[in-house]
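For reference, the chains in residue letters:
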Amino acid sequence: MATLGNRRNTAEIIEKYHFCFQKKFGQNFLVDSNILDKIIESAQITKQDCVLEIGPGIGTMTQRLAEEAGEVIAVEIDKNLIPVLHDTLSAYNNVTLINADILKLDLNQIVEERGGNAVKVVANLPYYITTPIIMALFEKKVPLKSVTIMVQKEVADRMQVGPGTKDYGALSLAVQYYARPEIVARVPASCFMPKPNVDSTVIKLTRYEKPLVKAENEAWLFAVIRASFNLRRKTLVNGLANAGNLGVNRKQVEEVLTEMGLAVTVRGETLTLEQFADLSSRLWQKCSHTI
Ligand code: SAM
């Protein structure tokens, strides 16, 4: 089987299997071997690693991962791609192919069945579910070493910016709570087949052994963060007091902000992760939380 990751061989496979791209699955296959090299290199895969690939497509990256890793688990939702993958991956005996929706799989169980060692996630993600996938990996505490992923450029920017910038929000804080983000490569739309409407970025998230800040209760911290960004151009007090799920009132939020030395007119997008952790811990102690 010829190596994929270029336009000609990808087109050949598409034609051989009369494959029809499904927009609803975010199918844009990578056809640039330089970008592929960068992803593989930055993921720093060794034979000791088990790699989880989300959405292998026709197996372009899977072939490279299989060469570098001890084991690859590839999860593909589109059943029409399974015969293609059996063909393109026939030379490798270290790939387990799972035909499933990644958001419905019990990833903890899959990792546990393999001895529980932390895995490396490497993927060119389907863009329509990028955030749910990342949040599920972190919030469900799947044992992870790192997550090296291709995402829409704007999403990568949101993951790595700090307070006071227009892209800063709940995703930035959630990602930076769990991991250190690092941009690996900017990828123009022309590197994919078919060409998407957006440019992409490869970003690597290296998981911290333990989160950088201490939260009284993680679920509560993230509920507070989400509520703080719900009403983006409103004050933090309004966002939190209007969040039906938190059970905090205006007075309590104002008291906490004053204790922290912050103005009661402050907006969520100016607070650092440390300040959110402090704010949520103080609110936790002050109110009869509902989460
Ligand atoms: N890895 C291939 C590549 O780089 O050329 C394909 C990447 S393509 C952007 C995204 C892939 O994810 C597609 O193969 C698509 O069918 C698959 N996919 C979409 N939604 C999925 C889901 N919920 N679970 C698993 N795979 C999914």
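Before reading on, note that the structure itself is shown above.
Position labels on residues start from 1 in each chain and follow its written sequence. Thresholds applied to this predicted model are a pLDDT of at least 70 for local features of residues and 80 or more for the giving and counting of side-chain atom pairs; totals over whole chains, interfaces and linings are not thresholded and use all residues. To get the side-chain values, take all heavy atoms of the structure and skip hydrogens and water.

Visitor: Looking at this structure, how should I read the nonpolar core?
Guide: Soluble globular proteins tend to pack their nonpolar side chains together in the buried interior. Residues grouped as a nonpolar core are buried Ala, Val, Leu, Ile, Met, Phe, Trp, Tyr and Cys residues, joined through side-chain atoms within 4.5 Å. Only protein chains enter the area calculation, which uses a 1.4 Å probe; residues under 20% of their type maximum are buried, those over 50% are exposed, and those in between are partly exposed. In terms of nonpolar packing, the biggest core is built from 70 residues, with Ile 149, Met 159, Leu 205, Leu 240, Phe 276 and Leu 279 touching the most fellow members. Every helix listed is a DSSP run of H or I at least four residues long, and every strand listed is a run of E at least two residues long, numbered separately from the N terminus. It is helix H9 (residues 218-230) that provides the largest number of residues to this core, a total of eight residues. Two residues qualify as a contact provided that any one of their heavy atoms is within 4.5 Å of a heavy atom in the partner residue. If we ignore the near neighbours within four places in the chain, the residues touching Ile 149 are Ala 123, Leu 125, Ile 134, Met 159, Thr 201, Val 202, Ile 203 and Leu 205. Counting 32 residues, the second-largest nonpolar core is a separate cluster that includes Ile 40, Met 61, Leu 89 and Val 122.

Visitor: Explain the sheet that holds strand S7 (residues 179-187) here, please?
Guide: Across a sheet, paired strands are connected by hydrogen bonds in the backbone, their directions being either parallel or antiparallel. Only strands joined by at least two bridges in the DSSP assignment are considered to pair. Judged by pairing direction, the sheet is mixed, and its seven strands sit side by side in the order S4-S3-S2-S5-S6-S9-S7 without closing on themselves. Taken across any chain shown, the strands that pair with only one partner, and hence form the sheet edges, are strand S4 (95-99) and S7. On average, adjacent strands in this sheet sit at an angle of 15° to one another, irrespective of strand direction. Across six bridges, the pairing between strand S5 (residues 119-124) and strand S6 (residues 144-152) is parallel. Each residue of the ladder has a partner; that of Ala 123, found in S6, is Ile 149. Angular values range over 0 to 180 degrees, each being the angle between N-to-C directions of two axes fitted as lines to C-alpha atoms, with helices fitted over their stretch in contact. Running over the sheet, helix H6 (residues 130-139) touches strand S2 (50-54), S5, S6, S7 and strand S9 (200-207) and is turned about 175° from S6.

Visitor: Before we go on, may I ask you to explain the packing of H9 against helix H12 (residues 273-286) in this structure?
Guide: A pair of packed helices is characterised by two quantities: the angle between their axes and the separation of those axes. Closest axis-to-axis distance for the H9/H12 pair is 9 Å, and the angle between their directions is 110°. The orientation of H9 with respect to H12, classified from their angle, is roughly perpendicular. For the pair formed by H9 and H12, the contact residues are Trp 220, Leu 221, Val 224, Ile 225, Ser 228 and Phe 229 on the first element and Phe 276, Ala 277, Leu 279, Ser 280, Leu 283 and Trp 284 on the second. For the contact of H9 with H12, the per-class residue count stands at ten nonpolar, two polar and no charged. By the definition adopted for this analysis, an angle is roughly parallel if under 35 degrees, roughly antiparallel if over 145, roughly perpendicular if from 65 to 115, and oblique otherwise. Think of it as three bins: nonpolar holds Ala, Val, Leu, Ile, Met, Phe, Trp, Tyr, Cys and Pro, charged holds Asp, Glu, Lys and Arg, and polar takes everything else, Gly as well.

Visitor: Whenever I open this one, the pairing of S5 confuses me. Can you help?
Guide: One face of the sheet, then the other: side chains in a regular strand alternate in exactly this way. Most of S5 sits out of view: six of its six residues are buried. The side-chain alternation of S5 yields two buried faces, one formed by Val 119, Val 121 and Ala 123 and the other by Lys 120, Val 122 and Asn 124. Looking down the strands as they point away from you, a crossover is right-handed if its path from the first strand over the helix to the second goes clockwise. With respect to chirality, the unit in which S5 leads through H6 into the neighbouring parallel S6 is right-handed.

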